[in-house]
Protein chains: 4
Amino acid sequence: MSSPIGKKRWAIAEGYIPSWSNGPAPELISHEAVCMLNTSDQDAHVEITIFYSDRDPAGPYKLTVPARRTLHQRFNNLTDPEPIPHGTDYASTIESDVPIVVQHTRLDSRQADNALITTIAYASD
Amino acid sequence: MSSPIGKKRWAIAEGYIPSWSNGPAPELISHEAVCMLNTSDQDAHVEITIFYSDRDPAGPYKLTVPARRTLHQRFNNLTDPEPIPHGTDYASTIESDVPIVVQHTRLDSRQADNALITTIAYASD
Amino acid sequence: MSSPIGKKRWAIAEGYIPSWSNGPAPELISHEAVCMLNTSDQDAHVEITIFYSDRDPAGPYKLTVPARRTLHQRFNNLTDPEPIPHGTDYASTIESDVPIVVQHTRLDSRQADNALITTIAYASD
Amino acid sequence: MSSPIGKKRWAIAEGYIPSWSNGPAPELISHEAVCMLNTSDQDAHVEITIFYSDRDPAGPYKLTVPARRTLHQRFNNLTDPEPIPHGTDYASTIESDVPIVVQHTRLDSRQADNALITTIAYASD
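Residues numbered from 1 in each chain as written. Chains lettered and ligands numbered in written order. Predicted model: local features only at pLDDT ≥ 70, side-chain atom pairs only at ≥ 80, totals over all residues. Heavy atoms only, no water.

Along chain A, the regular secondary structure elements total 0 helices and 8 strands. Sequence-ordered secondary structure for chain A, helices as α and strands as β, is β-β-β-β-β-β-β-β. Here chain A, with 125 residues, has 60% of them falling under the buried criterion. Carbon and sulfur atoms make up 45% of the accessible area of chain A, which amounts to about 4,400 Å² in all. (Helix = DSSP H or I, 4+ residues; strand = E, 2+ residues; numbered from the N terminus. Buried < 20%, exposed > 50% of the residue type's maximum accessible area, 1.4 Å probe, protein only. Areas by Shrake-Rupley, 256 points an atom, 1.4 Å probe, with all protein chains shown as cover.)

All names here are of chain A. Bridging between strand 3 (residues 44–52) and strand 4 (residues 58–65) involves 6 bridges; their strand directions are antiparallel. Looking at strand 4, one finds that Glu47 is bridged to Lys62. Linkage of strand 3 to strand 4, two consecutive antiparallel strands, is achieved through a turn of 5 residues. (Pairing = 2+ DSSP bridges.)

Okay, the pattern of salt bridges next. Residue and element names in this part refer to chain B. In total, this model carries 16 salt bridges over all chains according to the counting rule given. When the shortest N-O distance is used, the salt bridge between Arg55 and Glu82 registers 2.9 Å. With a gap of 27 residues between them, Arg55 in the loop between strand 3 (44–52) and strand 4 (58–65) and Glu82 in the loop between strand 5 (69–74) and strand 6 (90–108) connect regions that are remote in the sequence. Under the relative-accessibility criterion, Arg55 is labelled partly exposed at 32%. (Salt bridge = Lys/Arg side-chain N within 4 Å of Asp/Glu carboxyl O.)

Once that is clear, we can look at the state of the cysteines. Counting across every chain of the model gives 0 disulfides over all chains. The thiol of Cys35 of chain C is not disulfide-bonded; the next cysteine sulfur, from Cys35 of chain B, is found 18 Å away. (Disulfide = S-S within 2.5 Å.)

In this structure, the amide linkage connecting Asp80 of chain B to the following residue, Pro81 of chain B, adopts the cis form with an omega of 20°. Among the secondary structure elements, Pro81 of chain B is positioned in the loop between strand 5 and strand 6. Here the bond from Gly59 of chain D into Pro60 of chain D is cis, since omega is 5°, no more than 30 degrees from zero. Residue placement: Pro60 of chain D occurs in strand 4 (residues 58–65). Notably, Arg68 of chain B is not glycine yet its phi reads approximately 60°, a positive angle. In this fold, Arg68 of chain B is placed in the loop between strand 4 and strand 5. Classification of Arg68 of chain B by relative accessible area gives partly exposed; the value is 35%.

What follows covers the nonpolar core. One broad rule of soluble globular proteins: the nonpolar side chains tend to lie buried together. All names here are of chain B. By size, the foremost hydrophobic cluster in this structure holds 34 residues, and its most contacted members are Trp10, Phe75 and Ile94. Going through the elements one at a time, strand 1 (7–12), strand 2 (31–38), strand 3, strand 4 and strand 6 are the ones with two or more residues in this core. The leading source of residues in this core is strand 6, at 6 residues. Ignoring any residue separated from it by four or fewer positions in sequence, one finds Phe75 in contact with Ile12, Ile17, Glu32, Ala33, Val34, Ile48, Ile50, Ile84, Tyr90 and Ser92. (Core = buried A, V, L, I, M, F, W, Y, C linked by side-chain atoms within 4.5 Å. Contact = heavy atoms within 4.5 Å.)

Next up on the list: the side chain of Thr105 of chain D. With respect to the helices and strands, Thr105 of chain D occurs in strand 6 (residues 90–108). Overall, Thr105 of chain D belongs to the buried group, its relative accessible area being 4%. At 2.9 Å, the side chain of Thr105 of chain D and the side chain of Glu14 of chain C are in polar contact. Ignoring anything within four residues of it in the chain, the contact list for Thr105 of chain D reads Glu14 of chain C together with His31, Glu32, Ala33, Cys35, Ile117 and Thr118 of chain D. (Polar contact = N/O pair within 3.5 Å; in protein donor to acceptor, adjacent residues only side chain to side chain.)

Here we come to the environment of Trp10 of chain B. Position of Trp10 of chain B among the secondary structure elements: in strand 1. Between the C-alpha atom of Trp10 of chain B and that of Ile100 of chain B, which follows or precedes it by 90 residues, the distance is 9.0 Å. Discounting residues that sit within four places of it in the chain, Trp10 of chain B has contacts with Tyr122 of chain A, Ser92, Thr93, Ile94, Ile100, Val101, Val102, Ile120, Ala121, Tyr122 and Ala123 of chain B together with Ile5 of chain C. Side-chain polar atoms of Trp10 of chain B contact the backbone oxygen of Lys7 of chain B, separated by 2.9 Å. At 3.1 Å, the side chain of Trp10 of chain B forms a polar contact with the backbone oxygen of Ile100 of chain B.

Before going further, it helps to examine the confidence of the model for chain A. Predicted confidence across chain A gives a mean pLDDT of 88, with 84% of residues reaching 70 or more. The ipTM for the predicted assembly is 0.90, set against a pTM of 0.91. (pLDDT = per-residue confidence, 0-100.)

Moving on, we come to the side chain of Glu32 of chain A. Relative to the elements of secondary structure, Glu32 of chain A occurs in strand 2 (residues 31–38). Those residues within four positions of Glu32 of chain A in sequence are excluded, and the remaining contacts are Glu14, Gly15, Tyr16, Ile17, Gln73, Arg74, Phe75, Asn76, Tyr90, His104, Thr105 and Arg106 of chain A.

The next point concerns the environment of Pro57 of chain A. With respect to the element layout, Pro57 of chain A can be found in the loop between strand 3 and strand 4. For Pro57 of chain A and Leu107 of chain A, which are 50 residues apart along the polypeptide, the C-alpha to C-alpha distance reads 24 Å. Residues in contact with Pro57 of chain A, not counting those within four places in the same chain, are Thr49, Ile50 and Phe51 of chain A together with Arg68 and Arg69 of chain B.

Written out as structure tokens, the structure reads:
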């Protein structure tokens with residue numbers, strides 16, 4: 001591949017970690033994830049900022065996506081500087097020092113059978 | 001972040017509020033939402049227009065997304081100038097005076113277990 | 001709105017009309033739809049072409065999306081020049097003489113509870 | 001159509017083949033697919049690379065999408081140079097010698113009723 005694929009700035013306007021779950025853990029715990037792909041030969045240093053409807057943003061949450069690796073990060077597991085409350089509307093930006101590709105996924109198992117959503121995030125120059 | 005992320009004009013071609021629901025309210029009421037993220041330092045003044053298959057468009061519906069905040073607006077709750085009928089095909093445009101990011105989500109709980117969809121909306125210059 | 005939003009050429013790489021359904025008709029019949037929004041002041045004359053894995057493309061299927069209207073067209077209901085077989089992989093292009101926005105949706109009710117997918121289609125200049 | 005629609009480089013940051021299924025095979029086996037549309041008059045020679053979280057990438061997996069055809073390739077069925085393990089996070093790039101359109105789909109039937117996701121993949125110049 002001639003150059004790394006992707007952009008350095010991404011946004012996900014939808015964010016919501018369901019408050020309850022059905023089914024075996026950890027696969028079917030209700031969760032929301034940011035999937036990142038780094039095709040470059042350098043580690044990607046990523047900063048995630050969480051935006052809320054009624055308070056100032058939280059973050060940055062700092063992550064590394066190693067060179068030529070993917071990282072599927074559950075928002076549920078972000079704890080530093082603070083966890084994201086469940087049952088609360090949020091949104092996020094993802095900024096990287098090398099181009100990456102970002103996709104958003106949620107598994108909602110609040111009812112007896114799970115529901116899934118995904119979308120490529122919004123990319124910016 | 002050096003500049004606000006997003007665009008000022010967005011469109012969602014799919015719109016449909018299911019006519020019935022299963023599960024506890026308000027979380028599992030069938031609904032459709034427009035999720036907006038404003039990363040800028042200025043409030044975003046947003047105008048939503050609703051397009052139908054068989055009549056003239058309705059709106060604008062005026063909303064504010066405060067600076068550095070997200071707003072997940074259920075279409076079900078738009079009432080001024082008029083509510084959106086359920087069980088009816090529609091589409092929407094979202095126009096803002098500052099760049100925002102827009103994502104479309106629906107929760108359909110017409111059957112015993114809910115179904116979910118999402119996509120980043122179509123952005124335009 | 002200063003100019004109509006959208007593009008004139010779109011593509012959907014995924015297409016599949018499930019072969020069976022559960023639930024009341026017509027709402028919960030398994031179906032796949034192309035949702036089109038025309039914000040312009042002129043009628044959009046649209047031509048859909050269906051691509052298969054093992055035979056030549058079919059079409060064009062000719063539709064009109066009136067000025068300032070949306071049309072949510074079920075692929076199931078396209079019959080001229082020929083219906084799309086169920087349980088068969090296909091893909092589609094959507095070409096219009098004025099800019100439109102295109103979104104793809106499927107409702108799959110093969111099992112007891114329905115599943116839904118959506119995505120904004122791929123837009124091209 | 002004046003020129004083929006699409007791009008030559010695509011990426012999907014989310015990838016996960018569920019480890020189990022419910023429902024009749026092959027339709028309702030849990031699977032993940034890359035749907036490719038080639039509207040051009042030349043065969044598309046496609047190379048897929050699979051990225052993991054904890055090991056070097058695998059591939060290329062070589063496929064042909066014939067001229068004016070679509071190919072919905074299940075990741076489950078890729079075997080050369082090696083199969084993709086189930087229950088494992090991965091991501092993918094799709095590179096073609098002619099422009100194509102790529103869409104990502106997963107059917108998850110781990111619980112009694114299936115869940116579906118789709119998104120147009122990320123396109124790059």
